[in-house]
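# What the coordinates show
Residue-level listing of the chains:
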Amino acid sequence: MHLTLRQLKVFAAVARHLNYTRAAEEMHLTQPAVSMQIKQLENNVGLPLFEQIGKQIYLTEAGREMYHYSRVIAQQLEEADTVIDSLKGVQRGRLAIAVASTANYFAPRLLATFSGSHTAVTISLDVTNREGLLKQLESNEKDLVIMGRPPAQMDLAAEPFLDNPLVIIASPGHALVGRQNIPLADLQHETFVVREHGSGTRIAMERFFSEQGVRLETGMEMSSNEAIKQAVQAGLGLGIVSMHTLGLELETKRLVVLNVQSFPIMRHWYIVHWRGKRLSPVAQAFKEFVLNEGAGLISVPGQG
Ligand code: PGA
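To keep things clear, this report deals only with the structure shown in the data block. Nothing here was measured: the structure is a model prediction, and the numbers come from that model. (Residues numbered from 1 in each chain as written. Predicted model: local features only at pLDDT ≥ 70, side-chain atom pairs only at ≥ 80, totals over all residues. Heavy atoms only, no water.)

A tally of regular secondary structure across the chain gives 10 helices and 11 strands. Counting contacts in the chain only where the partners sit at least 6 residues apart, residues at least 24 apart contribute 75% of the total. Accessible area for the chain stands at about 15,500 Å²; split by element, carbon and sulfur atoms hold 50% of it. (Helix = DSSP H or I, 4+ residues; strand = E, 2+ residues; numbered from the N terminus. Contact = heavy atoms within 4.5 Å. Areas by Shrake-Rupley, 256 points an atom, 1.4 Å probe, with all protein chains shown as cover.)

A few words now on the site of the ligand. The environment of the ligand is formed by 13 residues, the closest being Thr 102, Ser 199, Gly 200, Thr 201 and Arg 267. Between an oxygen atom of the ligand and a side-chain N or O atom of Thr 102, the distance comes to 2.8 Å. Side-chain polar atom of Asn 164 to an oxygen atom of the ligand: 3.4 Å apart, as the coordinates give it. In isolation the ligand exposes 280 Å². Once the protein is present, 99% of that is buried. Only α7 (200-211) and β11 (265-274) provide two or more residues apiece to the shell around the ligand. Residues that form the shell around the ligand fall into these classes: two nonpolar, eight polar and three charged. Residue assignment places the shell around the ligand across two domains, with domain 2 (92-162 + 268-297) and domain 3 (165-267) each supplying three or more. (Near = heavy atom within 4 Å. Polar contact = N/O pair within 3.5 Å; in protein donor to acceptor, adjacent residues only side chain to side chain. Nonpolar A, V, L, I, M, F, W, Y, C, P; charged D, E, K, R; others polar. Domains from an automatic or database assignment.)

The next point concerns a nonpolar patch on the surface. A contiguous nonpolar patch, built from Leu 5, Tyr 69, Val 72, Ile 73 and Leu 77 and spanning about 420 Å² of accessible area, is present on the exposed surface. The element contributing the most residues to the nonpolar patch is helix α4 (residues 61-88), with four residues. You can see Leu 77 is positioned in helix α4. Judged by its relative accessible area of 40%, Leu 77 falls in the partly exposed class. (Patch = residues over 30% accessible without salt bridge, like charges linked within 9 Å, V, L, I, M, F, W, Y side chains within 5 Å. Salt bridge = Lys/Arg side-chain N within 4 Å of Asp/Glu carboxyl O. Buried < 20%, exposed > 50% of the residue type's maximum accessible area, 1.4 Å probe, protein only.)

It is the contact of helix α1 (residues 5-17) with helix α2 (residues 20-27), at a shortest axis distance of 8 Å, that shows an interaxial angle of 130 degrees. Compared by their axis directions, α1 and α2 come out oblique. Seen from above, α1 lies across α2 with right-handed handedness. Residues Arg 6, Lys 9, Val 10, Ala 13, Val 14, Arg 16 and His 17 of α1 form the contact with α2, whose participating residues are Tyr 20, Arg 22, Ala 23, Glu 26 and Met 27. Counted by class, the contact of α1 with α2 contains six nonpolar, one polar and five charged residues. (Axes fitted to C-alpha atoms, helices over the stretch in contact; angles between N-to-C directions. Parallel < 35°, antiparallel > 145°, perpendicular 65-115°, else oblique. Left-handed = near helix turned anticlockwise from the far one by under 90°.)

Inspection of the entire model under this criterion finds 13 salt bridges. Salt-bridge contacts for Arg 278 lead to Glu 79; the nearest nitrogen and oxygen are separated by 3.5 Å. Pair noted here: Arg 278 is in the loop between β11 and α10 (281-297) and Glu 79 is in helix α4, with a separation of 199 residues, a long-range link. For Glu 206, the salt bridge identified is with Arg 202, shortest N-O distance 2.7 Å. Taken as a pair, Glu 206 and Arg 202 lie in helix α7 at a separation of four residues, close to a single helical turn. Each member of the salt-bridge network shares a partner with another, and the members are Arg 202, Glu 206 and Glu 221.

Structure, rendered in structure tokens:
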């Protein structure tokens, strides 16, 4: 079978998204270029790898087999890279980190401190929501990921290093501001501006209220913490966000944290990688740095 690594990478992207447009975006290619690579790979393999039913594409049986091997090959290549990097030592190499949208409020500070003592390390930081992070873990794209607790069924090493309290925010003029110990039931009359599906904050919020048997009125959905804070300031409703996002707004009194029973919802930040992954010396050094020094470097607003 003659095929190129390029074709395999393009194939893996299409197989992951089951969508040519999204694969093209990920690979920074045009859609015709992606289709061409897939066609050539199918010719080389001698069997169709995708089938189209209606508007949706699916992997054929050959496609599923190929997808399995493409991931094994990618993992092996990654490992070769790591081994070669390790021969160069901790002071050199690349570090690819992905963090949850909400963790981006403190991650740059961790990276800045770390890179201060590892000046020859090239660091890349990718920011996406929880769902995006799980996809990146799935495809083994990053050295380390900083996220809320990952799903137990994935064989990941995940170590907590920092609290992540989720709180309810309101604009300063809101009727609930100043009340103490607000019962959860009183929130049922309020409208909430919420994060998008796939956000860890959103999942935690929904789980919490369903466990408490409280039905929330959700209004607009927004895909960033910044947008939620703006919307709440503008009086569009209440919001639920991590304390990490609130430094500036609390200082300038543009938003208020409500005093609600059973709040904050306490989440934690984890540093995560596949259990079997061979971390490069740089990644190992960064992981230890985060576990040993992370909590000391980051102050959670409202926690002193
Ligand atoms: P999010 O993740 O930015 O996707 O909401 C944060 C979390 O998992 O708590």
